[in-house]
Amino acid sequence: MTTSTTTSTATATGMPAVRPYESYVYAYPHKTAYRPLPERPALRELWAAEPKSALSLYLHIPFCEVRCGFCNLFTRIGAPEELTTRYLDALDRQAVAVRDALGDDEPVRFAAAAFGGGTPTFLTADELERLCDIAEKRMGADLLAVPLSVETSPSTATADRLAVLADRGTTRVSIGVQSFVDAEARAAVRPQRRAEVEAALGRIRDARIPVLNIDLIYGIDGQTERTWLTSLDAALAWRPEEMYLYPLYVRPLTGLHRLGAAATGPEAEALEQAAWDEQRLRLYAVGRDHLLAHGYEQVSMRMFRRADAPQEGPEDYACQTDGMIGLGCGARSYTSALHYSFDYAVDMREIRSIIDRFTATEDFSRAEVGRYVDAAEARRRHLLQSLLQAAGLPLDDYRARFGTDPRADFPAELARFADRGWLDAQAPEGLLRLSPLGLAHSDALGPALFSPGVRAAMAAYERK
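Residues numbered from 1 in each chain as written. Predicted model: local features only at pLDDT ≥ 70, side-chain atom pairs only at ≥ 80, totals over all residues. Heavy atoms only, no water.

Enquirer: Can you explain the overall build of the protein chain? Please cite residues and give values.
Expert: The number of helices and strands found in the protein chain is 18 helices and 17 strands. Taking all 464 residues of the protein chain together, 56% fall into the buried category. Considering only residue pairs separated by 6 or more positions, the protein chain has 79% of its internal contacts joining residues 24 or more positions apart. As displayed, the protein chain offers around 19,900 Å² of accessible surface, 52% of which is attributable to carbon and sulfur atoms. (Helix = DSSP H or I, 4+ residues; strand = E, 2+ residues; numbered from the N terminus. Buried < 20%, exposed > 50% of the residue type's maximum accessible area, 1.4 Å probe, protein only. Contact = heavy atoms within 4.5 Å. Areas by Shrake-Rupley, 256 points an atom, 1.4 Å probe, with all protein chains shown as cover.)

Enquirer: Let's hear about the layout of surface pockets: which residues, and what values?
Expert: Computed from the structure, the second largest pocket encloses a volume of approximately 300 Å³. Around the second largest pocket, the lining comprises 23 residues; the ones closest to its centre are S341, F342, F364, R366 and E368. Residues of the lining of the second largest pocket, tallied by class, amount to 12 nonpolar, six polar and five charged. (1 Å grid on protein atoms, 1.4 Å probe; cavity = no way out; pocket = protein on both sides within 12 Å on 5 of 7 lines; lining within 4 Å. Points joined across faces, edges and corners; volume = space filled by probe spheres on them. Nonpolar A, V, L, I, M, F, W, Y, C, P; charged D, E, K, R; others polar.)

Enquirer: Tell me about helix 8 (residues 225-236), and name the residues and values.
Expert: In an α-helix, one turn spans 3.6 residues, which is why side chains three or four residues apart end up on the same side. In this model, helix 8 (12 residues) spans 16 Å end to end at C-alpha, consistent with the 16 Å of a helix rising 1.5 Å per residue. Within helix 8 the residues assigned to the buried category are T227, W228, S231, L232, A234, A235 and L236. (Expected span 1.5 Å × (residues − 1).)

Enquirer: Break down the pattern of salt bridges for me, citing the residues and quoting the values.
Expert: Counted under the stated rule, the structure contains 28 salt bridges. For R138, the salt bridge is made with D92, and the minimal N-O distance between the two is 3.1 Å. Highlighted residues: R138 in helix 4 (residues 125-138) and D92 in helix 3 (residues 83-102), separated in sequence by 46 residues. In this structure, R168 and E136 form a salt bridge, with 3.1 Å as the shortest nitrogen-oxygen distance. With R168 in the loop between helix 5 (159-167) and strand 7 (172-178) and E136 in helix 4, this residue pair connects regions lying 32 residues apart in the sequence. The exposure class assigned to R168 is buried, which follows from its relative accessible area of 13%. Since its relative accessible area comes to 24%, E136 is described here as partly exposed. (Salt bridge = Lys/Arg side-chain N within 4 Å of Asp/Glu carboxyl O.)

Enquirer: Got a sec to walk through the confidence of the model for the protein chain? Specific residues and values, please.
Expert: Residue-level pLDDT values for the protein chain average 89, and 88% of them are 70 or greater. Contacts from residues 1-13, a stretch scored under 50 in pLDDT, to residues over four places away or in other chains number 34 contacts. Note on residues 251-259: pLDDT is under 50 here. Beyond four places in sequence and across chains, it has 26 contacts. (pLDDT = per-residue confidence, 0-100.)

Enquirer: Give me the lowdown on the pairing of strand 15 (residues 369-372), citing residues and values where you can.
Expert: As defined by bridge partners, strand 1 (residues 35-36) adjoins strand 15 across two bridges and the pair is classed as antiparallel. Across the sheet, the residue bridging to P36 is V369, located in strand 15. Sheet analysis places strand 14 (residues 338-341) next to strand 15, joined by four bridges and oriented antiparallel. Bridged to H339 within strand 15 is R371. (Pairing = 2+ DSSP bridges.)

Enquirer: Hey, could you go over unusual backbone geometry for me, with residue numbers and the actual values?
Expert: Here the amide bond leading from Y28 into P29 is cis, since omega sits at 0°, within 30 degrees of zero. With respect to the helices and strands, P29 occurs in the loop between helix 1 (9-13) and strand 1. With omega at 15°, the peptide bond leading from G117 into G118 counts as cis. The phi dihedral of R40 is positive, around 40°, even though this residue is not glycine. The topology assignment puts R40 in the loop between strand 1 and helix 2 (43-47). For R239, which is not glycine, the phi torsion reads 45° and is therefore positive. Within the secondary structure layout, R239 lies in the loop between helix 8 and strand 9 (242-247).

Enquirer: If you had to explain the environment of L327 to someone new, which residues and values would you point to?
Expert: Relative to the helices and strands, L327 resides in strand 12 (residues 324-327). Between the alpha carbons of L327 and F115 there is a distance of 9.7 Å; along the sequence they are 212 residues apart. Those residues in contact with L327 that lie beyond four places of it in its chain are L57, Y58, L59, H60, L91, Q94, A95, V98 and M139.

Enquirer: Requested: an account of the pairing of strand 14, with residues and values cited.
Expert: Across a regular strand the side chains alternate sides, sitting on one face of the sheet and then on the other. Here strand 14 shows a buried face lined by L338 and Y340 and a second buried face lined by H339 and S341. Sheet analysis places strand 13 (residues 332-334) next to strand 14, joined by three bridges and oriented antiparallel. Each bridged residue has a counterpart across the sheet, and for S333 the counterpart in strand 14 is Y340.

This is how it looks when you write it as structure tokens:
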């Protein structure tokens, strides 16, 4: 991919400026658009007519040793009074119910699996063995035969835990480092030292898991191009197969949000926001160009893959079309017509309450909270999830699935993106692809594709 300077949309096109960092779109519809389902549909009915030949399996562990200042994930600090045991007991009950709901009328095959959180390696080595058993013996996923990705942290990436993961077929470990500069880690309310991070990376490499991913964050208070390059080079020294570069967000109810709650006036706040946006755009461009120069390929705004790295992802799973089975109180499940989960919160007291309710649940045979996805939303989701990938959207794929053309279904949105310079005018015939400027503005482009109905539901969501 060719590079370009990452200027603001206003200066690049003469159009009104847009905020480049509206929100990170990793799923659509957003979970804040979910609502309690009064009819509590039975999972067996929801999955009866769904294709089951290339499902994705996700197991959620909602525990961390600490909570970083930027984190709004569904997780709690610590697990007192055998809570992890009770949680795994509930996860086991849920897996039995879900596998029963999938039925045996046709083969059920999982094309990929992932353990996320929270921090899955918060669990002990023995508990990780049990987690793998739930995936294999209850759900029927062959972890030695499909890609398995697991998230970890510097303090929990211990040799015994990593040995379990390696033995059970883990093909990818993702570690949240965020910064190799100790002062920046403290500014992000992430208590760690570089020496601890380096030691954890050494243990991961010793475990010989094929793919190492390192997460870094840009936009931290006090971060400069020089310190950003320090973190990038420290990560590159480990030759990670993948790297994710995340812009920092300060979201409501997080630690950083509380620290900055002493508000200034609206004018000062707007100026501060504009300066922060400019800092993040500049550091994004520095990081992107640095990785491209060091033999990495850009997969999305955030994801970069080393050009010679093994391809450990599923070859036949497509997030736009295939189903997702999520187990755990923070996991989502996707059918073609309904996305569903348990309740969602960011506030620690609310999270604890939801986890307690999950561990006390005996009947997991019904969907509790979710959002129905009609044909129009399915088109929107397919366009959004494809367009946010650097490879873009082959128009023939869209036509084959929906019988229409995205340019006819979303003329206003795509025209606006083209006017802003976000679409690649040099893309091959039949391919809708973002330009480098468009990729840089993925966190503005994604939310711009949300439907009015989803926007209204998100706006009406009461944070907790």
